[in-house]
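# Understanding the architecture of this molecule
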Amino acid sequence: IGSIVFAGPEIGLHQVYLKDGGGAYLDASGALVRRWEPNGRAVDWLFDLHHHLLNGETGERVAGAAGLLAAVLILTGLIVWAPAWRSFRWSVIPVRDKRAAWLSAHRDLGVLVAPVALALTLTGAALALPELARPAAGVLTGAVTAAPKPPSPSADAAPRAVDWSAALAAAQARFPDATVRIAVWPKEPGAPAQIRLRQPAEWHANGRTAVWVAPSGAVLQVVDAQGIGADQRLLNAAWPLHAAKVGGPPWKVAAFLSGLGLAALSVWGGVAYARKLLAPPRARRGRDLRTA
């Protein structure tokens, strides 16, 4: 076992993440409900495609770079559009099968989806490229704080099973108003385990408050997500915004429509570019002269 996400309002089963990439569901009694292999479910395969491009850490970094490039395209598109803002129309679907109509729809749709699309692309890039996101968050907030790191093994670090009853009780005692959300197994025998909790004011569905405990259940280190620096709080907001886990139905709908809009933008722009490439040479020269 790598970690367990405890049952909550969204999923009424405990979800187990296995170190080999597979997973399982357990009911309230701990009985196995279902087990699957790595990418054995469609949702896991889609997540791996979205997060890692099916290529592990390398794919994740490529996806992060793609997110940054998408944000640059959105910003430069807005800059190009700004001088001709009076030409904006609420027509996001081409009304004629002409290159000009495809370009017009591409322009107007881009303006509409730009705010939400920027938020999604930048937060996605921040999640995939934390080494760039941390200094950027420091610049934006004016506060640069070190990211929390797990503690070193304690004095009772002899290989032994974690006393999870003691560990969970100790974590809950530190934050009585928080909800225990995740238990993370030690990476090696004797190393600290981690308990993740969500305090009432946190955006993150599983919380970013953390308690590291020794195998005996003794508390070694605590991270209060409400008491960390402004830069770390900004970084912690990236996942809830990107995954539409905050903002309620309005933000979910906006994120969904923005995703569709980004796909349509690619199609509209691709069709317009293809029309330019496939235009007869004489018509292409005439259009270029008119543009000049």
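Everything in this summary refers to the structure shown in the same document. (Residues numbered from 1 in each chain as written. Predicted model: local features only at pLDDT ≥ 70, side-chain atom pairs only at ≥ 80, totals over all residues. Heavy atoms only, no water.)

### What about a nonpolar patch on the surface?
- On the surface, a nonpolar cluster with roughly 510 Å² of combined accessible area is contributed by Trp45, Leu46, Leu49, Leu53, Leu54 and Val62.
- Secondary-structure assignment places Leu46 in helix α1 (residues 42-52). (Patch = residues over 30% accessible without salt bridge, like charges linked within 9 Å, V, L, I, M, F, W, Y side chains within 5 Å. Areas by Shrake-Rupley, 256 points an atom, 1.4 Å probe, with all protein chains shown as cover. Salt bridge = Lys/Arg side-chain N within 4 Å of Asp/Glu carboxyl O. Helix = DSSP H or I, 4+ residues; strand = E, 2+ residues; numbered from the N terminus.)

### Observations regarding helix α4 (residues 130-141)
- Helix length check: α4, at twelve residues, gives a terminal C-alpha distance of 16 Å against a target of 16 Å (1.5 Å per residue), a fit within 8%.
- Every buried residue of α4 is listed here: Ala133, Ala137 and Gly138. Each buried residue of α4 lies within a common arc of 135 degrees when the element is viewed along its axis, so the set occupies one face.
- Next to the buried residues of α4 lie α3 (99-128) and α6 (230-236).
- In the stretch just after α4, Gly142 is the one whose phi turns positive, near 75 degrees. (Expected span 1.5 Å × (residues − 1). Buried < 20%, exposed > 50% of the residue type's maximum accessible area, 1.4 Å probe, protein only. Arc of directions from axis to C-beta. Contact = heavy atoms within 4.5 Å.)

### A closer look at the pattern of salt bridges
- Applying the stated criterion across every chain, the model contains five salt bridges.
- Put simply, Arg275 and Asp97 hold a salt bridge, and the shortest N to O gap is 2.6 Å. Remark: Asp97 occurs in the loop between α2 (56-81) and α3 and Arg275 occurs in helix α8 (residues 248-278); sequence separation between them is 178 residues.
- In this structure Arg275 comes out as partly exposed when scored by relative accessible area, which is 31%.
- A salt bridge links Arg107 to Asp108; the nearest nitrogen and oxygen atoms lie 3.0 Å apart.
- Exposure remark for Arg107: the relative accessible area of 27% places this residue in the partly exposed category.
- Judged by relative accessible area, which is 0%, Asp108 ranks as buried.

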